[in-house]
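Now for the letters of each chain:
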Amino acid sequence: MTPERLKSIFAEDRQDWFKQIAKKNLTFEEVTVLIDIQSYFELLRLPSPIDRNTTIEKLQGDFLIIQKGEKINITNLGAILFAKNLKNFSPTLARKAPRFIIYEGVNKLITRNDIVGQKGYAAAFKRLIDFVHNSAPQNQFIEEVIREETKMFPKQALRELIANALIHQDFLASGASVMIEMYADRV
């Protein structure tokens, strides 16, 4: 057998990483401390349910939590997307937080800024894109008497680049996270 076929056979008995439990045996109140439920409903453009059972039903329907009797388990999917702070979960999950490094110039000799995210990907995605875009160097264009400054990297391109990096990472690789490095001339 090829190495790829062997790898797929051995992977068959492993549970999907997203369905694995990140935190277990929680009350609903503890879940609301760990998970940004408001962001979940805002991103879906849904009104926040008033009662707790409807909220639990919706979160469970999207595999963000699993209810076992009176206790609730948060899945890795729920944590990685909507954690208020990834450090409140396992170290492996906390290491999945994106890291953004800005270097002076075109090499790694001088680091201007090194920031590690804390929130879940979906809850913080818009702010991450805005922060990276606002940190980008600017180009100046002068046409006749008008000077116009534009960011070197288009926001849409940054959004696609970062989204693809977050989505296509190997979640089974422990100790590895998405790292965005910005230089004076490239990302």
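See the structure shown above.
The shown structure was predicted, so the numbers you read here are calculated from the model rather than taken from an experiment. (Residues numbered from 1 in each chain as written. Predicted model: local features only at pLDDT ≥ 70, side-chain atom pairs only at ≥ 80, totals over all residues. Heavy atoms only, no water.)

*Asks:* For this particular structure, what's the right way to read the packing of aromatic side chains?
*Replies:* As enumerated under the stated definition, the model contains seven aromatic pairs in all. An angle of 25° between the planes, with centres 4.8 Å apart, marks the rings of W17 and F171 as stacked. A residue pair is termed long-range when its members are at least 10 positions apart, and W17 in the loop between α1 (3–11) and β1 (21–26) and F171 in the loop between α8 (155–167) and β8 (179–182) qualify at 154 residues. You can call W17 buried: its relative accessible area is 10%. Residues Y40 and F41 carry aromatic rings whose centres are separated by 4.9 Å and whose planes lie at 80° to one another, so their mutual orientation is edge-to-face. By the burial criterion, Y40 is buried, and F41 matches it. Through pairs of rings, three or more aromatic residues link up here, namely W17, F18 and F171. Seen from the ring of F63, K19 lies directly overhead, with NZ or CZ sitting 5.7 Å from the centre. A cation sits over an aromatic face here: R186 above Y183, 3.9 Å from the ring centre. (Phe/Tyr/Trp six-rings, centres within 6.5 Å; stacked < 30°, edge-to-face > 60°. Helix = DSSP H or I, 4+ residues; strand = E, 2+ residues; numbered from the N terminus. Buried < 20%, exposed > 50% of the residue type's maximum accessible area, 1.4 Å probe, protein only. Lys NZ or Arg CZ within 6 Å of the ring centre and 35° of its normal.)

*Asks:* So what exactly am I meant to see when it comes to the environment of A122 here?
*Replies:* With respect to the helices and strands, A122 occurs in helix α7 (residues 121–135). Its relative accessible area of 23% is what places A122 among the partly exposed residues. Considering only alpha carbons, one finds A122 and L161, 39 residues apart in sequence, at a separation of 15 Å.

*Asks:* Please explain the sheet that holds strand β4 (residues 99–104) as it appears in this structure.
*Replies:* Two strands in a sheet stick together by hydrogen bonds in their backbones, pointing the same way (parallel) or opposite ways (antiparallel). Read across the open sheet, the three strands follow the order β5-β4-β8; overall the sheet is mixed. Both edges of this open sheet fall to β5 (110–116) and β8, since each of them pairs with a single strand only. Across this sheet, the average inter-strand angle for adjacent strands is 15°, counted without regard to direction. The pairing of β4 with β8 spans four bridges and is classified as parallel. (Pairing = 2+ DSSP bridges. Axes fitted to C-alpha atoms, helices over the stretch in contact; angles between N-to-C directions.)

*Asks:* Looking at this structure, I do not really get helix α4 (residues 52–61). What am I missing?
*Replies:* Given 3.6 residues to a turn, an α-helix orients residues that are three or four positions apart in the same direction. Restricting attention to buried positions, one finds in α4 the residues T55, I56 and L59. Each buried residue of α4 sits inside an arc of 95° when the element is viewed along its axis, so together they form one side. Facing away from the buried surface of α4 by more than 90 degrees, the exposed residues are N53 and E57. Looking at the buried residues of α4, the elements they touch are α2 (28–34), α3 (37–43), β2 (65–68) and β3 (71–75). (Arc of directions from axis to C-beta. Contact = heavy atoms within 4.5 Å.)

*Asks:* Help me understand the pairing of β3 in this model?
*Replies:* Two faces belong to every sheet, and in a regular strand the side chains alternate between them. Within β3, four of the five residues are buried, which leaves it mostly tucked inside the rest of the structure. In this structure, β1 lies alongside β3, joined through three bridges in antiparallel fashion. Considered in β3, the bridge of K23 is made with I74. Where β2 and β3 come together, four bridges link them in antiparallel fashion. Bridging from a neighbouring strand, Q67 pairs with I72 of β3. Where β2 hands over to β3, the hairpin turn is made up of two residues, of which G69 adopts a positive phi near 70°.

*Asks:* Before we go on, may I ask you to explain the nonpolar core in this structure?
*Replies:* Here is a general trend for soluble globular proteins: nonpolar side chains tend to be buried in one another's company. Judged by nonpolar contacts, the single largest core of 40 residues is most densely connected at I35, I74, F89 and L93. With five residues, α7 is the largest single contributor of residues to this core. Dropping the residues within four chain positions of it, L93 is found in contact with W17, A22, N76, A79, I80 and L86. (Core = buried A, V, L, I, M, F, W, Y, C linked by side-chain atoms within 4.5 Å.)

*Asks:* I tried to follow the environment of L161 on my own but got confused; where do I start?
*Replies:* One can find L161 in helix α8. Put simply, L161 and I180 are 19 residues apart on the chain and 9.4 Å apart in space, counted from C-alpha to C-alpha.

*Asks:* Explain the layout of surface pockets to me, please; I cannot follow it from the model alone.
*Replies:* Over the atoms, a rolling probe the size of a water molecule traces out where space has been left empty. Taken as a whole, the largest pocket spans an internal volume of roughly 240 Å³. What lines the largest pocket is a set of 15 residues, and nearest its centre among them are P98, G117, Q118, A124 and L128. Of the residues forming the lining of the largest pocket, the biggest block, six residues, is contributed by α7. Its residues assigned to classes, the lining of the largest pocket comprises nine nonpolar, three polar and three charged. (1 Å grid on protein atoms, 1.4 Å probe; cavity = no way out; pocket = protein on both sides within 12 Å on 5 of 7 lines; lining within 4 Å. Points joined across faces, edges and corners; volume = space filled by probe spheres on them. Nonpolar A, V, L, I, M, F, W, Y, C, P; charged D, E, K, R; others polar.)

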